[in-house]
Amino acid sequence: MDQKTPAQVSAAAPTLGQRLSRRKPVEKLVAETESGNGLRRTMGFWQLSMIGIGATLGTGIFVVLGEAVPIAGPAVILAFVLAGVTALFSALAYAEMAGMIPASGSAYSYSYATMGEFMAWVCGWCLMLTYGVSVAAVGVGWGQYINELLQLTTGLSLPGAFLAGPLEGGVINVPAAIVVLLSMFALLAGVRESTRVNAVMVAIKVAVLVMFVAIAITAVQDGNFAPFMPMGMAGVSAAGATLFFSYIGFDSASTASEEAKNPQRDLPRAIMFSMIVVTAIYCLVAFSAVGALNWELFAEGQTSLAGILTVVTGTPIWAVIFAAGAVLALASVVLVVLYSQTRILFAMSRDGLIPKAFSKVDAKGTPRTNTIITSVFIALLAALIPLGPLADATAIGTLFAFALVNVAVLVLRRNRPDLKRAFRMPGAPLTPVLGVLACAYLMFSMSLSVWIAFGVWLAVGLAIYFGYSMRRSALETEPTVEVRS
């Protein structure tokens, strides 16, 4: 009987360290996007930009602003800037990586190419938390505006039992579940149709926020900004960590990489453009809101932007228009972020880390089974869990994933300087390091309960990886695996 050489034994039975650090070469990732995977390339720069703006400009400004003002006071404006700068570093990193690796997996794929399979799984698991939970959180916010619109137009309210889950004394949040399921049907109609719907809703969303600024800024009073920082820098940091939820979504454009006509050219531009537009609107809305309404009133529950318009104008007409626009605006966030979640799962399924059903595509180029399973699960989550815990859990998972993208830039700059980069992150290697530090700063500004929830989520993910994903990985059976040197 022939005896195997040590090299043959190693090839047949890689060590645990080799399995955890095996990387998917950049060339293979790019080749997969060009091999006819069933997804159709129909999006240009504007469609990608609308995805970025549609996914980002939503609950963070329409709902979460009211939760952040009592934490930071008028300095909530600085909290938006702090969260925005942190997001900007990551946006620059995303732009460089998206131009090199136009794959649906976004940060998950970037991690797979640079830090190995284990870190890719951790990143993908965090992105599941980011996208899945944020869709649920936005659904909860949508339900609040539906109820407010009903009150403003008819004087009636939805029954409290059907506006909140059991953790808030209700039974089930029906509107939150409905908006997720409506978005599911829009996605099942096809990418081209859903992007058109999103573009219309984004235009309405921007219009109502511009309307809010134009009206509220007429009532700005200097006295409402004093004291500017009542809770000190600690309050600004804590509010910034919460408001980082507002910037989740700019990376959604990168999840559309395999459906973009020219991803290397258009993705970096779309990511940066959406960040600039969103940040400008956020700062203007925050300034107008706290300038028009004393910040202490936010702590008393007068947190609605529509309510501020009623106070400023003395008539509910503008508040009705704003609430109607907010309903459409938040629906667009649900639509786009749900889309992004399905594309992350598509990439992970293609790599064998989750069941293959998630990467099967129908004749319209839609991962139908993936979309239905994901939507139903998230609808249940939105119906049962309140907004606050959802927003905080989403933010910490996102910050972790964004930090990994900054690290990915550093790794590829060192290991693959030969790769063509359609966009280069300015100031590297300093800016990626600052990006990692900024993400870490906001993560450590979060409460212990959020960290415990995040730790439990990671523990579940690790159990799934070692129990299922590592053995089912597409790289497990390949004769040649790129391992970390």
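Use the structure listed above.
This write-up is about the structure you can find in this document. (Residues numbered from 1 in each chain as written. Predicted model: local features only at pLDDT ≥ 70, side-chain atom pairs only at ≥ 80, totals over all residues. Heavy atoms only, no water.)

Structural notes on unusual backbone geometry
What counts is decided by this rule: Secondary structure elements are taken from DSSP: a helix is a run of H or I of four residues or more, a strand is a run of E of two residues or more, and numbering for both begins at the N terminus.
A cis geometry characterises the amide bond from Ala226 onward to Pro227, with omega recorded as -5 degrees. Structurally, Pro227 is set in the loop between α11 (191-216) and α12 (232-243). Looking along the chain, the bond that leaves Ala428 and enters Pro429 is cis, with omega of 10 degrees. Here Pro429 lies in the loop between α19 (387-415) and α20 (430-443).

Some remarks on the pattern of salt bridges
We count it as follows: Whenever a carboxyl oxygen of Asp or Glu lies within 4 Å of a side-chain nitrogen of Lys or Arg, that contact is scored as a salt bridge. Remark: exposure states derive from per-residue accessible area (1.4 Å probe, protein chains only) relative to the maximum for the residue type, with buried under 20%, exposed over 50%, and partly exposed in between.
A full pass over the atoms with the stated rule returns eleven salt bridges. The shortest N-O distance in the salt bridge between Arg19 and Glu476 comes to 2.8 Å. Here Arg19 is found in helix α2 (residues 16-21), whereas its partner Glu476 is found in the segment after α21 (448-472), with 457 residues between them in sequence. On the accessibility criterion, Arg19 (18% relative accessible area) is buried. Notably, a salt bridge pairs Glu117 with Arg22, separated by 3.0 Å at the nearest N-O pair. Taken as a pair, Glu117 in helix α9 (residues 117-154) and Arg22 in the loop between α2 and α3 (26-33) lie far apart in primary sequence, 95 residues in all.

What to know about the environment of Val436
To be explicit about the condition: Residue contacts are counted whenever heavy atoms from the two residues lie within 4.5 Å of one another.
Mapped onto the fold, Val436 is located in helix α20. Taking the relative accessible area as the measure of exposure, Val436 reaches 24% and is therefore partly exposed. The spacing of Val436 and Phe89 is 347 residues in sequence and 8.5 Å in space, taken between C-alpha atoms. Val436 has contacts with Ala403, Asn406 and Val407, leaving out every residue within four places of it along the chain.

Re the packing of aromatic side chains
Here is the rule: A pair of aromatic rings is counted whenever rings of Phe, Tyr or Trp (Trp by its six-membered ring) have centres within 6.5 Å, and the orientation is called stacked for planes under 30 degrees apart, edge-to-face for over 60 and tilted otherwise. Placement of a positive charge over a ring is assigned whenever Lys NZ or Arg CZ falls within 6 Å of the ring centre and within 35 degrees of the normal to the ring plane.
Evaluated as defined, the whole model comprises 20 aromatic pairs. Ring geometry for Trp125 versus Trp457: centroids 4.4 Å apart, planes at 20 degrees, classification stacked. Of this pair, Trp125 sits in helix α9 while Trp457 sits in helix α21, and the two are 332 residues apart along the sequence. Assessed through its relative accessible area of 8%, Trp125 is described here as buried. With centroids separated by 6.4 Å and ring planes inclined at 55 degrees, the aromatic side chains of Tyr145 and Phe322 adopt a geometry described as tilted. In this pair, Tyr145 is assigned in helix α9 and Phe322 in helix α17 (residues 317-350), connecting sequence segments 177 residues apart. In this pair, the class of Tyr145 matches that of Phe322, namely buried. Members of the aromatic cluster, connected to one another through ring pairs, are Phe118, Trp121, Trp125, Trp457, Tyr465 and Phe466. For the cation-ring pair, Arg269 lies above Phe45, with the distance from its terminal atom to the ring centre recorded as 4.6 Å.

Details of a nonpolar patch on the surface
The condition is simple: Patch membership requires over 30% relative accessible area and the absence of a salt bridge. Like charges are linked within 9 Å, and nonpolar side chains (Val, Leu, Ile, Met, Phe, Trp, Tyr) within 5 Å. Areas reported here follow the Shrake-Rupley algorithm with a probe of radius 1.4 Å; residue values treat only the protein chains shown as occluding.
A grouping of Phe162, Val171, Ile172, Val174, Ile178, Leu181, Leu182, Phe185, Ile372, Val376, Leu380 and Leu384 is seen on the molecular surface, where their side chains present a nonpolar patch of about 980 Å² in accessible area. Contributions of two or more residues to the nonpolar patch are made by α10 (174-188) and α18 (368-384). Residue contributions to the nonpolar patch peak at five residues, all from α10. When you line up the elements, Ile172 lands in the loop between α9 and α10. Residue Ile172 is classed as partly exposed on the basis of its relative accessible area of 31%.

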